[in-house]
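Structure assessment
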Amino acid sequence: MELKPAVLAVAVLCLALALPRAALSQSQSAPPPVADTPAPAPAPHHVNLTDLLSLAGPYGTFLGYLVKTDVIRTLQSMANATDSNSGVTVFAPEDSAFAAVDGAALSNLTADQLRDLMLCHALPRYQPLSTFAALAASGGPVPTLGGGVNCAVNVTYAAGRIRVASGWTAAARLVSSVYSTPPAAVYALDRVLLPVGVFPTEPAVAPVPAPAPAPAVRVGDDASGGAPGAAGRGGEKSLSCRVGAGRGLVGYLALLAFGFVMI
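As recorded in an unreviewed UniProt entry, the protein chain goes by FAS1 domain-containing protein and comes from Urochloa decumbens. On record in UniProt, under Sequence similarities (unreviewed entry), the comment for the protein chain is "Belongs to the fasciclin-like AGP family." As recorded by UniProt, the Subcellular location (unreviewed entry) comment attached to the protein chain reads in full: "Cell membrane".

Below is the structure:
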């Protein structure tokens, strides 16, 4: 019985000596903390201009000229830019706009003139729609890939409508935004830009027809676009059916009562 205090004291002493060694061993074996590394920035999205113009709408004529002159390669290279201060903005006339220009005026262009014409439909920088008000307010010509004053464009902005002028084209209306994601933008035009640098004399151009007005909704039309009064006729038919059913029920009850009276 007298040995128990001594044994307990020895056990406590051994535990006290073992704890510092265990802590030291854990501190030496623990791996150093790993610093968090930031995730890499996502790669910019690059649009395929050939696919876009062939699928997005009526731009087959414009795309055909871009491919014929190899300007499509220049524009695609700029659309693949990684610099935020570069990029490209393309004005794409619709097929109807090319159809309005005298065919001889276009077919008589040399290869260099046709190439210059295509380059005059592009700005050497990405321009979102939000920048067109500032371009118009600057009052000066905006340079294009065609270079020189004769291929520059002038932008006007009024009542939310954007128009682009160049040479013999007084006001081409920006119809819609086909694509706009940095570093490339493509906007549809209702007229072909006809710079003086390419056309020394004014070519014949047919007037662009006004867009067809949206069909008016007439009073009485139902939500599915049916003929006027169709909903009303349906209601009258339903009401007549209900009246007929009521009369049949009254007749049946009268016949049943007559049978009870006879019994």
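On a plain count of helices and strands, the protein chain comes out with nine helices and six strands. Residue burial in the protein chain is summarised as follows: out of 263 residues, 28% are buried. Taking contacts inside the protein chain between residues at least 6 apart in sequence as the whole, the part at least 24 apart equals 64%. Carbon and sulfur atoms form 64% of the exposed surface of the protein chain, whose accessible area is close to 16700 Å².

Turning to the sheet that holds strand S4 (residues 161-166), a few remarks are in order. Spatial strand order, S2-S1-S6-S5-S4-S3: six strands in an open sheet with mixed pairing. Every interior strand has two partners, whereas the edge strands, strand S2 (122-123) and strand S3 (154-158), have only one. Packed onto the sheet, helix H4 (residues 71-79) meets strand S1 (88-93), S2 and strand S6 (184-189) and runs at close to 140° relative to S1.

On to unusual backbone geometry, then. Comment: phi is negative for the bulk of residues other than glycine, and the bulk of peptide bonds are trans. In this chain, Pro182 is followed by Pro183 through a cis amide linkage whose omega measures 10°. The topology assignment puts Pro183 in the loop between strand S5 (169-181) and S6. Residue Asp70 is not a glycine yet carries a positive backbone phi of 65°. When its relative accessible area of 34% is taken as the criterion, Asp70 is described as partly exposed. Despite not being glycine, Ala159 has its phi angle at roughly 55°, a positive value. Among the secondary structure elements, Ala159 is positioned in the loop between S3 and S4.

Bringing the environment of Ala137 into the picture now. For Ala137, the location among the structural elements is in helix H8 (residues 132-138). Spatially, the C-alpha atom of Ala137 lies 8.6 Å from that of Val155, the residues being 18 residues apart in sequence.

With that settled, the discussion passes to the pattern of salt bridges. Throughout the structure, instances matching the rule amount to two salt bridges. The residue Asp70 makes a salt bridge to Arg73 at a minimum N-O spacing of 3.7 Å. Overall, Arg73 belongs to the exposed group, its relative accessible area being 60%. Across the pair Arg173 and Asp190 runs a salt bridge, and its minimum N-O distance is 3.9 Å. You can see Arg173 sitting in strand S5 and its partner Asp190 sitting in the loop between S6 and helix H9 (230-262), a full 17 residues away along the chain. Residue classification places Arg173 among the partly exposed residues on the basis of a relative accessible area of 26%.

Let's shift gears to the pairing of S6. Regular strands show a simple pattern: their side chains alternate between the two faces of the sheet. Counting buried positions along S6 yields six of six residues, so the element is predominantly enclosed. Judged by which residues are buried, S6 turns out to be covered on both faces: Ala184, Val186 and Ala188 on one side and Ala185, Tyr187 and Leu189 on the other are all buried. Count of turn residues in the S5/S6 antiparallel hairpin: two residues.

For the rest of this paragraph, the subject is the environment of Thr201. Counting through the fold element by element, Thr201 comes out in the loop between S6 and H9. Expressed as a C-alpha distance, the spacing of Thr201 and Ala105, which sit 96 residues apart in the sequence, is 9.8 Å.

With 62% of its residues at a pLDDT of 70 or more, the protein chain has an overall mean of 77. A low-confidence stretch, residues 214-246 stays under pLDDT 50, and its non-local contacts, those more than four residues away or across chains, total nine contacts. In this model residues 248-263 is a low-confidence stretch, pLDDT under 50, and it forms zero contacts with partners more than four residues away in sequence or in other chains.

Scanning the entire structure with this criterion turns up four aromatic pairs. In textbook terms, an aromatic cluster arises when at least three aromatic residues are bridged by ring pairs, as seen for Phe62, Tyr65 and Phe98.

Turning next to helix H3 (residues 60-69). Every buried residue belonging to H3 is among Phe62, Leu63, Tyr65, Leu66 and Thr69, and all of these are buried. All buried residues of H3 project into a common sector of 160° when viewed along the axis, lining one side. On its buried face, H3 sits against helix H2 (49-55), H4, S1, helix H5 (95-100), helix H6 (103-107) and helix H7 (111-119).

A few words on the packing of H3 against H4. Where H3 meets H4, the axes come as close as 5 Å, and the angle between the chain directions of the two elements is 95°. Compared by their axis directions, H3 and H4 come out roughly perpendicular. For the pair H3 and H4, contact is made by Leu63, Leu66, Val67 and Thr69 and by Val71, Ile72 and Leu75, respectively. Partitioning the contact of H3 with H4 into residue classes produces six nonpolar, one polar and no charged.

Cut-offs and rules
- Residues numbered from 1 in each chain as written.
- Predicted model: local features only at pLDDT ≥ 70, side-chain atom pairs only at ≥ 80, totals over all residues.
- Heavy atoms only, no water.
- UniProt positions renumbered as here; feature names shortened; annotations may be inferred.
- Helix = DSSP H or I, 4+ residues; strand = E, 2+ residues; numbered from the N terminus.
- Buried < 20%, exposed > 50% of the residue type's maximum accessible area, 1.4 Å probe, protein only.
- Contact = heavy atoms within 4.5 Å.
- Areas by Shrake-Rupley, 256 points an atom, 1.4 Å probe, with all protein chains shown as cover.
- Pairing = 2+ DSSP bridges.
- Axes fitted to C-alpha atoms, helices over the stretch in contact; angles between N-to-C directions.
- Salt bridge = Lys/Arg side-chain N within 4 Å of Asp/Glu carboxyl O.
- pLDDT = per-residue confidence, 0-100.
- Phe/Tyr/Trp six-rings, centres within 6.5 Å; stacked < 30°, edge-to-face > 60°.
- Arc of directions from axis to C-beta.
- Parallel < 35°, antiparallel > 145°, perpendicular 65-115°, else oblique.
- Nonpolar A, V, L, I, M, F, W, Y, C, P; charged D, E, K, R; others polar.

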